[in-house]
Number of protein chains: 2
Amino acid sequence: MERTFEEYKGLIDRHLLDLIPAIDTKSNTLYEAMKYSLSSGGKRIRPVLLLACCDFAGGNVLEALPFAAAVEYIHTYSLIHDDLPAMDNDDLRRGKPTNHKVYGDAMAILSGDGLLSTAFEIISRDMTMYMDDVTQLKKRVRAMNVIAKGAGIRGMVAGQSADIENEKNRVSSEMLEYIHVNKTGALIKASMMAGLYLGEPDDKMIDNFTQFADNFGLAFQVSDDILDVIGDVKVMGKNPGQDSKDNKNTYVSLNGLDQAYETLNMLLDNALDAISEYYDNAEFFADLVNKLRVRDK
Amino acid sequence: MERTFEEYKGLIDRHLLDLIPAIDTKSNTLYEAMKYSLSSGGKRIRPVLLLACCDFAGGNVLEALPFAAAVEYIHTYSLIHDDLPAMDNDDLRRGKPTNHKVYGDAMAILSGDGLLSTAFEIISRDMTMYMDDVTQLKKRVRAMNVIAKGAGIRGMVAGQSADIENEKNRVSSEMLEYIHVNKTGALIKASMMAGLYLGEPDDKMIDNFTQFADNFGLAFQVSDDILDVIGDVKVMGKNPGQDSKDNKNTYVSLNGLDQAYETLNMLLDNALDAISEYYDNAEFFADLVNKLRVRDK
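Residues numbered from 1 in each chain as written. Chains lettered and ligands numbered in written order. Predicted model: local features only at pLDDT ≥ 70, side-chain atom pairs only at ≥ 80, totals over all residues. Heavy atoms only, no water.

Peer 1: Can you help me understand the overall build of chain A in this one?
Peer 2: Within chain A, the regular secondary structure consists of 14 helices and 2 strands. Taken against the 2.2 N^0.38 rule, which gives 19 Å for 297 residues, the C-alpha radius of gyration of chain A at 19 Å falls within 12% of a compact globule. By the burial criterion, 60% of the 297 residues in chain A qualify as buried. Within chain A, counting contacts between residues at least 6 apart in sequence, those at least 24 apart form 74% of the total. (Helix = DSSP H or I, 4+ residues; strand = E, 2+ residues; numbered from the N terminus. Rg over C-alpha atoms; globule rule 2.2 N^0.38 Å. Buried < 20%, exposed > 50% of the residue type's maximum accessible area, 1.4 Å probe, protein only. Contact = heavy atoms within 4.5 Å.)

Written out as structure tokens, the structure reads:
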């Protein structure tokens, strides 16, 4: 693993729009709306993790780009739909007007649908290029399978659905964890697993990174909950205090700030433990963990 | 090809819900909302065509069921999203309240997202079962690829987007054809091609059925436009005259009823021509064509 976070991110930023299949000019607005949200300065954490895991497992990073783009398309569609008036009704995302504020609700729904479809279109297009290389083809089938599961009704959509359904109630700790694990953790974990499958992971590596991803993915959301309380608008690209204004269920609202910090640190320690045996080569992942720790102090 | 339309449809109806991966009880509402729209009496034309084409090309119909279910999930998600207040704002679909009238806008958006995700989840899950049968695996990659393309931003989503964008304008004949070909035709065509790929088609069969599908898919929408003017609510499951009340662009509104009939008949004749050499074995498809003709008189 020779690349930094910024180098992986640079690769993704350069290819994220190129990888969208060429569409008819009659669908220009759809394309513009998709591009708008894809270009609005995301951290690219999911695709970076995918590429880094592929790299770590000895895979070819450049050949993993369609999968990296796919998880970012899926993440971006979920943000567009989440921001809709019928859902979280947010006007601001990453410091810019949300998709529906610019293109209207109908086009926002369709650009989300378009991004989700495009994710699987470029994955399947990529697969057709490996019809004569069965080893590579099988890696792609496994990678797609974890992405599809992580994005779907046993992953991200499940979490968002439980979140929406419970937004008016104070939820149990168990339900809050279910929401966070699925809404945020599932696609992060899927991105990491897909990256590994595109390389040559052994079973132990899969197990270790599964444990890493479970803890890191949940930590990512707990950190977000904390940041909403202590953060400022420049760092977050959205208004701090939005969650509590919306009476959102968060780790902080349910358990208080101190307990949320404790949970976060425990999760991050667990994540580090999970990859401790790769210490010499897994610096990239350890750095990510520690960045999340610092970020919230 | 030994089965009738009703027999293929029976297979699909029996397995459409079974094939949804088991989800956590915390996501029950999401599952209920998906089930509601899947169970509301669709004609199942797309999955039936997929199975029939698979059968015609010598494939195993039962093994094609996950793909048949997938195209019906995709079709159903598109209806749920199209019916939303932000889109066509329809209260009635197949004679029942639309998804958002029952479950609210947020859950309707999510159940659509869930169905689209599930389509690709069950396709990828199916693929993982053929890791040791490369011939079957490759067929599935090809089938998925045409489905993903037909459903996405060069297919169904493109058509819906162009439709929404032009709903306030009188469109050109070229734009109307673009809308219909993509919004309705693309997924019908993709279903047929996916079915063939799951069998053992030769290049000629692919060419002939491509031509059949191009004509049949467009005819299907022209027939729908005509039915909206002449039909009754019992046959249609929605209120006739809805399109003209909504000032929708249709073949009838643009060209008049007589011209629409003429276009329909031309398309159906072309469809029949395309498969004329299979006359003895392609009765199933010829019947479908003629049913569409009768349906609109």
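Peer 1: Can you help me understand the relation of the copies chain A and chain B in this one?
Peer 2: Each of the two chain copies can be brought onto the other by rotation about an axis and movement along it. Expressed as a screw operation, the relation of chain A to chain B combines 0.0 Å of axial shift with a rotation of 180°, fitting to an RMSD of 0.0 Å. Expressed as a symmetry operation, the mapping of one chain copy onto the other fits a two-fold axis. (Least-squares fit on C-alpha atoms with pLDDT ≥ 70 in both.)

Peer 1: I tried to follow the packing of aromatic side chains on my own but got confused; where do I start?
Peer 2: What characterises a pair of aromatic rings is the spacing of the ring centres plus the angle enclosed by the ring planes. A full pass over the atoms with the stated rule returns 27 aromatic pairs over all chains. Centre to centre, the rings of Phe56 of chain A and Phe285 of chain A are 5.7 Å apart; their planes meet at 90°, and the pair counts as edge-to-face. Linking Phe56 of chain A in helix H3 (residues 45-56) with Phe285 of chain A in helix H14 (residues 283-295), this pair joins segments that are 229 residues apart in sequence. The residues Phe56 of chain A and Phe285 of chain A share a single accessibility class, namely buried. Seen in terms of ring centroids, Phe212 of chain B and Phe216 of chain B are 5.5 Å apart; in terms of plane orientation they differ by 10°. Their pairing is stacked. Separated by 4 residues within a single helix, Phe212 of chain B and Phe216 of chain B lie in helix H9 (residues 203-230), roughly one turn from each other. Residue Phe212 of chain B shares its accessibility class with Phe216 of chain B, and that shared class is buried. Each member of the aromatic cluster is reached from another via a ring pair, and the members are Phe5, Tyr8, Phe56, Phe209, Phe212, Phe216, Phe220, Tyr278, Phe284 and Phe285 of chain A. Between Lys291 of chain A and the ring centre of Phe5 of chain A, over which it is positioned, the NZ or CZ distance is 4.7 Å. (Phe/Tyr/Trp six-rings, centres within 6.5 Å; stacked < 30°, edge-to-face > 60°. Lys NZ or Arg CZ within 6 Å of the ring centre and 35° of its normal.)

Peer 1: I would appreciate a short explanation of helix H5 (residues 99-128) of chain A in the present structure.
Peer 2: In an α-helix, one turn spans 3.6 residues, which is why side chains three or four residues apart end up on the same side. The end-to-end C-alpha separation of H5 of chain A is 32 Å, well short of the 44 Å expected for 30 residues at 1.5 Å each. Of all the bends in H5 of chain A, the greatest, near 100°, is centred on Asp105 of chain A. (Expected span 1.5 Å × (residues − 1). Bend = angle between axes of the 7 residues up to and from the residue.)

Peer 1: Help me out: how do you make sense of the interface of chain A and chain B in this one?
Peer 2: Where interface size is quoted, it is often the accessible area lost as the parts come together. Contacts between the two partners involve 56 residues from chain A and, on the opposite side, 56 residues from chain B. Taken over both partners, the interface formed by chain A and chain B buries close to 4,900 Å², and the fraction arising from carbon and sulfur atoms is 70%. For the chain A face of the interface with chain B, the top three residues by lost area are Lys26, Met131 and Ile153 of chain A, together amounting to 15%. Where chain A touches chain B, the interface holds 4 salt bridges. For the salt bridge of Glu121 of chain B with Arg154 of chain A, the shortest nitrogen-to-oxygen distance reads 2.4 Å. Across the chain A-chain B interface, the total number found is 16 residue pairs in polar contact (both at pLDDT 80 or more). With 16 residues, H5 of chain A is the single largest residue contributor to the side of chain A that touches chain B. Here the residues of the side of chain A that touches chain B are counted per class, giving 31 nonpolar, 12 polar and 13 charged. (Buried area = accessible area lost by both parts, 1.4 Å probe. Salt bridge = Lys/Arg side-chain N within 4 Å of Asp/Glu carboxyl O. Polar contact = N/O pair within 3.5 Å; in protein donor to acceptor, adjacent residues only side chain to side chain. Nonpolar A, V, L, I, M, F, W, Y, C, P; charged D, E, K, R; others polar.)

Peer 1: How should I be thinking about unusual backbone geometry in this particular structure?
Peer 2: Glycine aside, the phi torsion of most residues is negative, and most peptide linkages are trans. Residue and element names in this part refer to chain A. In this structure, Arg44 is a non-glycine residue whose phi angle is positive, near 65°. When you line up the elements, Arg44 lands in the loop between helix H2 (28-38) and H3. Unlike most non-glycine residues, Asn89 shows phi in positive territory, near 55°. Structurally, Asn89 can be placed in the loop between helix H4 (65-83) and strand S1 (92-93).

Peer 1: Got a minute to help me understand the nonpolar core in this structure?
Peer 2: Across soluble globular proteins, you tend to see nonpolar side chains buried next to one another. Counting residues in each nonpolar core, the largest one holds 206 residues, and the members touching the most others are Phe209 and Phe285 of chain A together with Phe209 and Phe285 of chain B. In this view, Phe285 of chain B contacts Met1, Leu49, Ala52, Cys53, Phe56, Met192, Phe209, Phe212 and Ile275 of chain B; residues no more than four positions away in its chain are not counted. (Core = buried A, V, L, I, M, F, W, Y, C linked by side-chain atoms within 4.5 Å.)

Peer 1: Can you help me understand the pattern of salt bridges in this one?
Peer 2: Oppositely charged side chains can form a pair if their charged atoms are brought close together. All names here are of chain A. Using the criterion set out here, one finds 31 salt bridges over all chains in the structure. The salt bridge involving Glu32 is made with Lys35; its shortest N-O contact spans 3.8 Å. Of this pair, Glu32 and Lys35 are both found in helix H2, 3 residues apart, which corresponds to roughly one turn of the helix. Taking relative accessible area as the criterion, Lys35 reaches 25% and is therefore assigned partly exposed. For Lys168, the salt bridge is made with Glu167, and the minimal N-O distance between the two is 3.8 Å. Residue classification places Glu167 among the partly exposed residues on the basis of a relative accessible area of 29%. In this structure, a network of salt bridges that share partners links the residues Lys9, Asp13, Arg44 and Glu72.

Peer 1: When you look at the environment of Arg154 of chain B in this model, what are you seeing that I'm missing?
Peer 2: You can see Arg154 of chain B is positioned in the loop between helix H6 (134-151) and helix H7 (156-165). Look at Arg154 of chain B and you get partly exposed, because its relative accessible area is 30%. For the pair Arg154 of chain B and Lys183 of chain B, spaced 29 residues apart in sequence, the C-alpha to C-alpha distance is 9.9 Å. Beyond its immediate sequence surroundings of up to four residues, Arg154 of chain B is in contact with Pro21, Ala22, Ile23 and Glu121 of chain A together with Lys149 and Asn182 of chain B. Here Glu121 of chain A takes part through its side chain, which lies 2.4 Å from a polar atom of the side chain of Arg154 of chain B.

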